[in-house]
Amino acid sequence: MNKIPLIARSEYLRRVRTKTFIIATVLAPVMLLALIAVSVGVGVLTQEGGARTVTIIDETEAGLGDALAERLPDNYSAMVEAAPLDSLRARVERGVLDGYFVLPAGLLDGEEEAAFYSEGVGGFSSQMRLQRAVEDVVRRARLRATGASDDVLQAAEAGVPMRMVALTEEGEAEDTSWVYSGIGYAMGFIIYIAMFVYGAMVMRGVIEEKTNRIVEVVASSAKPFQLMMGKVLGIGAVGLTQFVLWVVLALAGLFVAGTVLGTMVDPTTLAGTEGAEMQELPFDPSNFSLADIPFDLIAYFLLFFLGGYLLYGSLFAAVGSAVEQESDAQSLQAPILIPVILPALFLPFIADNPDAPASVVLSLIPFFSPILMVVRAAATDVPFWQMALALGLLAAAFIATIWLASRIYRVGILMYGKKASFKDLARWVRYA
Amino acid sequence: MSRLIVDTVTKRYGAHLAVDGVSFEVEPGRIFGVLGPNGAGKTSTIRMITYITSPDEGRITFGGEPVGPASQQRMGYLPEERGLYRKMKVGEQLVYLGQLKGLSKSEARDAARRWLDRFDARSWASKKVEELSKGMQQKVQFIATILHDPQLLIFDEPFSGLDPINAALLQDIILELREAGRTILFASHRMEQVEQLCDDLFLIANGREVLHGSLRDVKRSFGKNTVTMEFSGGDGFLDQLEEREAIRVRSRTAGHAEFRLLGETTARQVLETALPRVDELYRFELNEPPLSEIFVMAVNGQSPDTLEPA
């Protein structure tokens, strides 16, 4: 009878039912949301979306004050006044006024500079917006002073739209590689983290069985290979469960957050404040949704996620079998960690140059492919033969490492006392 | 018949020869004691029987079949180093371990309930192992060993850590299993337990057989050469006898002595030396040596033939 499913099931249930699992699964997205909420909150606060009252002292002959009052962001109500500066200053100090502009007479000629006085200088984005408003107004006045017609003004101020088009087999398509390399990056990163987290979980599980001395009982009931595979698969299922739960929570969170935001935020202020920056992006992210991620990319992600996890999970199991304490595992872990960390270092290069020969070669190497091939698959059209070759090599490497790991595991789980070295591990592999 | 046969088995770990050409047979309905000092090869032998490892040479069969996954299902092994999943509930744990031995879920559940009742421990089923005392964990582990009603039972120091009441309960169950015709292998250092329980003995040292046979034969081969004395008065006669190398004292307290007769010394000679010197004599008994003595002598390389007969 094959005992792997039975063992995997027990390993799975034993972990999924623990408080730590439930807390970690629920808390991780909560923490993430809290983090996002804090950063959004900080962003909103620094945007100074609230109504502000300012005064403009206009010393220019062209009457730039009125133009500026009109051009300022919607949440500014501005008045052109000729009040003395110290009374304005007193009003700002009393809180009646949020600030005042001074547009000196020589501004148009570039001999003097405009100034804005307020209690706080304000965030970077609000500074940018005020500066842009003044610049627009002054530039328009200068153009007008040269006698430019309305047509010229319009031509000068018209936006310059540009879009990126990718030539695909189906014809032309909006080039979204910018977003896709972001997604690929995220996917590669998830696989990278998962291999660490769940690989370490496998290792801890093996060490725990060893220090609890239960291993001799189970080893007299099932083959070491079954024990190892059961554990690796069971914990892999724990990882997938956690992952699926997070995706569900994230989608639910997005839905709720979207609804709440929609009712709370006035779309015109959003457009007014962020619209300018968005026009500069080659692609509008708001048109993009999770549903646009192509199915084959998700399939590749899952395949490499599983392949990578199985490859490294079995190696982590072998390391766990050779030690009695997690702290002893560090030196033995190094040869596993290096091939996980290396591709993470290549990530930026691969995401930027997904079709470079170096990228192709690196993404075919079995120990790297789980991370790198997913990044490439997201960023570009990976030829089928490369994908097939990477998966084939990964499967071959998986069979080889499982064989190696199970031989180490078989001997290691029964070894107590002495700290094992690489020489010991090599010896264990050779044992009949 | 469910007989366990270990046939000239050898196991090496690198250059270290852990088990060297060991052979024995364990009969159903008997308790077979495997004794030996630490590192003698007991655990290595047991691991081969339980198919955790395989012998380099020789073969092990149970019920006529080489040991393997099939025989694993029919054996229960209580290792010396105990262990359970600490975070798992007792009931679940027993069911899981029973399932690993090939029981169905409901069979395992029924058996677990039955045995927990026998140990007056039904309320433990929903407790986590880490909440139990060491003795309780020990009992849970014992139940896990016998849950699937195995034909072959291997107990390695089954009584360690148990109080006398629970040790007696375990002993009763082991004896019941013997009556039921199970094949039982019992490994221990505790000689008085071995003497009490075992029908057959196998003494191993440095991976080799040192002594082998039924308890009665082994003891008989060492002869009746041990004297137990109880008396009042001076015990200087013991020193005299020891100086003459007539006896070797094993234990000695006021009014009590246990010693072995050496060389041609007879019990009568000892008695004649003692009588004029003690005030009163309450007991003078000639016995077979205790197993612990046999154990020490045998491990030190003295076979019954080279030992001086009484």
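Residues numbered from 1 in each chain as written. Chains lettered and ligands numbered in written order. Predicted model: local features only at pLDDT ≥ 70, side-chain atom pairs only at ≥ 80, totals over all residues. Heavy atoms only, no water.

A. Up close: the environment of G205(A). Residues and elements named next belong to chain A. Turning to its location among the elements, G205 is positioned in helix α7 (residues 177-211). On a C-alpha basis, the gap between G205 and G320 in space is 7.9 Å, while along the polypeptide they are 115 residues apart. If near-sequence neighbours (up to four positions away) are discounted, G205 is found in contact with R15 and K231. (Helix = DSSP H or I, 4+ residues; strand = E, 2+ residues; numbered from the N terminus. Contact = heavy atoms within 4.5 Å.)

B. Main features of the pairing of strand β10 (residues 208-214) of chain B. With 6 bridges connecting them, strand β9 (residues 200-205) of chain B and β10(B) associate as antiparallel partners. Note on β10(B): the bridge partner recorded for I204(B) is E209(B). (Pairing = 2+ DSSP bridges.)

C. View of the sheet that holds strand β4 (residues 115-118) of chain A. Residue and element names in this part refer to chain A. Sheet architecture is open: 4 strands sit in the order β2-β1-β3-β4, paired in mixed fashion. The sheet terminates laterally at β2 (76-81) and β4, the two strands that pair on one side only. Neighbour-to-neighbour, the strand axes of the sheet open up by a mean angle of 25°, direction not taken into account. The sheet contact formed by strand β1 (residues 52-58) and β2 spans 6 bridges and is parallel. Directly across from V54, in β2, lies its bridge partner A78. In the packing of helix α3 (residues 64-71) onto the sheet, contacts are made with β1, β2 and β3 (99-103), and the angle to β1 comes to roughly 160°. (Axes fitted to C-alpha atoms, helices over the stretch in contact; angles between N-to-C directions.)

D. Main features of the pattern of salt bridges. This structure, assessed with the given rule, holds 34 salt bridges over all chains. For the salt bridge of E216(A) with R47(B), the shortest nitrogen-to-oxygen distance reads 3.2 Å. Linking E216(A) in helix α8 (residues 215-219) with R47(B) in helix α1 (residues 42-49), this pair reaches from one chain into another. With relative accessibility at 7%, the residue E216(A) sits in the buried group. You can call R47(B) buried: its relative accessible area is 12%. One salt bridge connects R190(B) with E192(B), and the closest N-O pair in it is separated by 3.2 Å. Note on E192(B): relative accessible area 42%, which makes it partly exposed. In this structure, a network of salt bridges that share partners links the residues E11(A), R14(A), R15(A), E209(A) and K231(A). (Salt bridge = Lys/Arg side-chain N within 4 Å of Asp/Glu carboxyl O. Buried < 20%, exposed > 50% of the residue type's maximum accessible area, 1.4 Å probe, protein only.)

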